[in-house]
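Chains, contacts and geometry: an overview
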Amino acid sequence: MKRNILLLTTITSLLLFSCKNKEEMTEVQVPSATATDSIPAKGDPKSVVANQGAFQMKGLNYGYNDLDPYMDGQTVETHYGKHHLGYCNKLNDAVKGTPLETMSIEEILKGMDLKNSALRNNAGGYYNHNIFWEIIGPKAGGRPTGKVAELINKDFGSFDQFKTQFTDAAKGVFGSGWVWLVYQNDGTLKITTSINQDNPLMPNAEVKGYPLMNIDVWEHAYYLKYKNERPKYIENFWQLVDWSKVEYRLSLIK
């Protein structure tokens, strides 16, 4: 009997020890899938130059790390110096030796042959990113003023309602694409979306007009910092919108 009790005690102790070890093994800390640590960059956007051709990179009005903490330097460096540069170089390849080589990017987009995927993707990618980098910046955010504010209040009811609709549209884009604030020919503003690198200037656009601002919701725009948290990226995007640049784009419309 004592031998049985001793054996049972030994087995119970081993089981408890095993469970304890198992519990300890499951408590190992792993990096969060939603971590938002900033990753600094060491490069300089001024060093990013496209191959010789009809189109060149327009540069940034800020350094790679200047958008931190809302957009980390490594994301900006990779996005601008790899992805955007790639679109520019491939666009030059697509138009080389054709009549398109002497046309503006807007003219190319408006007359786009949608079956020409190389031109469509790279002309769109080049143009879309030009606007994206233009309308964001450090020490920005807040609310618009001037004519942009007037139009937003008229067409959306208030800035808060506009912001909610734009945010919801960005969250709702399935896969890769863009959200736009467009000035239409009738003088009104409208929010629209596009897939891949399409935009409101192309013949297939559901809403045509002049783009005032956009947000890139391709994963390469946010994944290094925000992982799968697109809504967090969109929320922080509003801290970077430079409304003076949006106002300037509106002033260019004739």
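Taking an unreviewed UniProt entry as the reference, the protein is identified by name as Superoxide dismutase belonging to Paenimyroides viscosum. Per UniProt, the protein has the following entry under Sequence similarities (unreviewed entry): "Belongs to the iron/manganese superoxide dismutase family."

What to know about the packing of helix 6 (residues 159-172) against helix 8 (residues 230-237)
Axis separation between helix 6 and helix 8 bottoms out at 10 Å; the angle between their running directions is 150 degrees. Regarding the angle of helix 6 to helix 8, the classification is roughly antiparallel. The handedness of the crossing between helix 6 and helix 8 comes out as right-handed. In this structure, helix 6 uses Phe-166, Thr-167, Ala-170 and Lys-171 to contact helix 8, whose residues at the interface are Arg-230, Pro-231, Ile-234 and Phe-237. The residue inventory of the contact of helix 6 with helix 8, partitioned by class, reads five nonpolar, one polar and two charged.

Some words on the nonpolar core
If you look at soluble globular proteins, the nonpolar side chains tend to sit buried side by side. Grouped together as the largest cluster of nonpolar side chains are 66 residues, with contacts concentrated most on Ile-136, Phe-162, Phe-166, Met-213, Phe-237 and Trp-243. Beyond its immediate stretch of four places on either side in the chain, Met-213 contacts Ile-131, Ile-135, Phe-162, Phe-166, Val-179, Trp-180, Leu-181, Phe-237, Trp-238, Val-241, Trp-243 and Val-246.

Focus on helix 4 (residues 117-134)
An ideal rise of 1.5 Å per residue puts 26 Å on 18 residues; helix 4 measures up with 26 Å between its terminal C-alpha atoms. Most of helix 4 sits out of view: 14 of its 18 residues are buried.

Regarding the packing of aromatic side chains
Per the stated rule, a full pass over the model turns up 17 aromatic pairs. For the ring pair Phe-159 and Trp-238, a centre distance of 6.4 Å and an interplane angle of 90 degrees mean the geometry is edge-to-face. With Phe-159 in helix 6 and Trp-238 in the loop between helix 8 and helix 9 (243-251), this residue pair connects regions lying 79 residues apart in the sequence. The class of Trp-238 is buried, set by a relative accessible area of 5%. Residues Phe-237 and Trp-238 carry aromatic rings whose centres are separated by 5.6 Å and whose planes lie at 70 degrees to one another, so their mutual orientation is edge-to-face. Take Phe-237: its relative accessible area is 1%, and that puts it in the buried class.

Examining the pairing of strand 1 (residues 177-183)
Of all seven residues making up strand 1, six are buried, and the element is well covered by its neighbours. With seven bridges connecting them, strand 1 and strand 2 (residues 189-195) associate as antiparallel partners. Counterpart to Gly-177 in the pairing with strand 2 is Ile-195. Linking strand 1 back to strand 2 in an antiparallel pair, the connection comprises five residues, with Gly-187 at a positive phi of about 85 degrees. Two strands pair when backbone bridges link them, and strand 1 and strand 3 (residues 210-216) are joined in this way by six bridges, in the antiparallel orientation. When the bridges of strand 3 are listed, Tyr-183 appears paired with Tyr-210.

Looking at the UniProt feature "binding site: Mn(2+)" (unreviewed entry) in the protein
Feature annotation in UniProt assigns "binding site: Mn(2+)" (unreviewed entry) to the following positions: His-79, His-129, Asp-216 and His-220. A maximum C-alpha distance of 12.2 Å is found for the annotated residues, which run over 142 residues; spatially they form one tight group. Among residues more than four places away in sequence, those in contact with His-79 are His-84, His-129, Phe-132, Trp-133, Asp-216, His-220 and Ala-221. Looking at where His-220 falls in the secondary structure, it is placed in the loop between strand 3 and helix 7 (223-226). Look at His-220 and you get buried, because its relative accessible area is 18%. In this structure, His-220 is in contact with Thr-75, His-79, His-83, Tyr-87 and His-129, ignoring residues within four places of it in sequence.

Things to note about unusual backbone geometry
Between Asp-68 and the following residue, Pro-69, the backbone shows a cis peptide bond with an omega angle of 10 degrees. Tracing the chain through its elements places Pro-69 in the loop between helix 1 (2-26) and helix 2 (73-95). Located in the positive-phi region is Asn-196, a residue other than glycine, with phi close to 50 degrees. Within the secondary structure layout, Asn-196 lies in the loop between strand 2 and strand 3. The class of Asn-196 is partly exposed, set by a relative accessible area of 36%. Even without being glycine, Lys-227 reaches a positive phi, approximately 55 degrees. Looking at the element boundaries, Lys-227 is found in the loop between helix 7 and helix 8.

Criteria and thresholds
Residues numbered from 1 in each chain as written. Predicted model: local features only at pLDDT ≥ 70, side-chain atom pairs only at ≥ 80, totals over all residues. Heavy atoms only, no water. UniProt positions renumbered as here; feature names shortened; annotations may be inferred. Axes fitted to C-alpha atoms, helices over the stretch in contact; angles between N-to-C directions. Helix = DSSP H or I, 4+ residues; strand = E, 2+ residues; numbered from the N terminus. Parallel < 35°, antiparallel > 145°, perpendicular 65-115°, else oblique. Left-handed = near helix turned anticlockwise from the far one by under 90°. Contact = heavy atoms within 4.5 Å. Nonpolar A, V, L, I, M, F, W, Y, C, P; charged D, E, K, R; others polar. Core = buried A, V, L, I, M, F, W, Y, C linked by side-chain atoms within 4.5 Å. Buried < 20%, exposed > 50% of the residue type's maximum accessible area, 1.4 Å probe, protein only. Expected span 1.5 Å × (residues − 1). Phe/Tyr/Trp six-rings, centres within 6.5 Å; stacked < 30°, edge-to-face > 60°. Pairing = 2+ DSSP bridges.

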